[in-house]
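# Structural overview
Chain by chain, the residues run as shown.
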Amino acid sequence: ILAAGIVNKKRPVRLLSLVRDSPDQITEFANAAGVPLKQCELQDWTGWIETLQLRTSVTLQASFSESFNYVGAESMLCGRPVVGSPAIRYLPSRWQAQPDSPNEIAERVLYLLDHYDAASRQAARVATRLAKSQNKAFVKTVRSLME
């Protein structure tokens, strides 16, 4: 949220937040950071993909740890670049930022917005390769379990 506030000083942005817990606290924090926020209700998968495609430009996933990060992968499959932490190993290094550095996250967001068309194409390419690799590993695992 702080990173979005920094970006908003240079380029008007709006946050779309999808949280289950403490939405009022998120709203207060966004207000304090000076960035408009829209809360998004939890939805089925089709609604989620539509939200990514129609209401999202860049996804922020700069967390300290991740087991895989489907939010980032789904965003990228929709052609939406992702700013995440180095814990999301499939992200291009230029899209990774330290999760405790709002300035670094904001810099990455601004970079992606400035190079949006190329970043969008790269997001789709990286996610497609990732999906193929994951699907192949899944099939291999299932086959080994069935033997």
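Look above for the structure.
Below or above, wherever it landed, is the structure these notes cover. The structure displayed is predicted, hence computed values, not measured ones.

## Considering the packing of aromatic side chains
With the rule as written, the count across this model stands at 2 aromatic pairs. On the numbers, 4.6 Å between centres and 50° between planes, the contact of Phe 68 with Tyr 70 is tilted. Owing to a relative accessible area of 18%, Phe 68 belongs among the buried residues under this scheme. Taking the centre distance of 5.6 Å and the plane angle of 40° together, the rings of Phe 68 and Tyr 90 count as tilted. Of this pair, Phe 68 sits in the loop between strand S3 (59-61) and helix H4 (70-77) while Tyr 90 sits in the loop between strand S4 (82-84) and helix H5 (102-114); the two residues are 22 residues apart in sequence, bridging distant segments of the chain. Just above the ring of Tyr 111 sits the side chain of Arg 94; from NZ or CZ to the centre is 3.9 Å.

## Some thoughts on the nonpolar core
In this structure, Met 76, Val 83, Tyr 90, Leu 91, Trp 95, Ile 105 and Leu 112 are the most contacted members of the largest nonpolar core, which totals 23 residues. Those elements that provide at least two residues to this core are helix H1 (2-10), H4, S4, H5 and helix H6 (116-146). Not counting the four nearest positions on each side in its chain, Ile 105 is found in contact with Ala 3, Leu 60, Ala 62, Val 83, Ala 97, Gln 98 and Pro 99.

## Considering the packing of H4 against H6
Two elements in contact, H4 and H6, have axes whose closest approach is 7 Å; the angle formed by their N-to-C orientations is 120°. Taken together, H4 and H6 sit at an angle that is classed as oblique. Crossing handedness for the pair H4 and H6: left-handed. Between H4 and H6, the residues in contact are Ala 73, Met 76 and Leu 77 and Ala 123, Ala 124, Val 126, Ala 127, Thr 128 and Leu 130, respectively. Looking at the contact of H4 with H6 residue by residue, the classes come out as 8 nonpolar, 1 polar and no charged.

## What to know about the side chain of Ser 85
By the secondary structure assignment, Ser 85 is in the loop between S4 and H5. From its side chain, Ser 85 meets the backbone oxygen of Ser 63 in a polar contact 2.4 Å long. Those residues in contact with Ser 85 that sit more than four places away from it in its chain are Gln 61, Ala 62, Ser 63, Leu 91, Gln 96, Ala 97 and Pro 99.

## Notes on the environment of Lys 132
Within the fold, Lys 132 resides in helix H6. In the structure, Lys 132 is positioned 103 residues away from Phe 29 in sequence and 38 Å away in space, judged by C-alpha atoms.

## So, the environment of Val 13
Tracing the sequence through the fold places Val 13 in the loop between H1 and strand S1 (15-17). Taking the C-alpha atoms as reference, Val 13 lies 21 Å from Arg 94; in sequence the two are 81 residues apart. Filtering out sequence-adjacent residues up to four positions away, Val 13 remains in contact with Ala 4, Val 7, Asn 8, Val 35, Pro 36 and Leu 113.

What counts, and where the lines are drawn
- Residues numbered from 1 in each chain as written.
- Predicted model: local features only at pLDDT ≥ 70, side-chain atom pairs only at ≥ 80, totals over all residues.
- Heavy atoms only, no water.
- Phe/Tyr/Trp six-rings, centres within 6.5 Å; stacked < 30°, edge-to-face > 60°.
- Buried < 20%, exposed > 50% of the residue type's maximum accessible area, 1.4 Å probe, protein only.
- Helix = DSSP H or I, 4+ residues; strand = E, 2+ residues; numbered from the N terminus.
- Lys NZ or Arg CZ within 6 Å of the ring centre and 35° of its normal.
- Core = buried A, V, L, I, M, F, W, Y, C linked by side-chain atoms within 4.5 Å.
- Contact = heavy atoms within 4.5 Å.
- Axes fitted to C-alpha atoms, helices over the stretch in contact; angles between N-to-C directions.
- Parallel < 35°, antiparallel > 145°, perpendicular 65-115°, else oblique.
- Left-handed = near helix turned anticlockwise from the far one by under 90°.
- Nonpolar A, V, L, I, M, F, W, Y, C, P; charged D, E, K, R; others polar.
- Polar contact = N/O pair within 3.5 Å; in protein donor to acceptor, adjacent residues only side chain to side chain.

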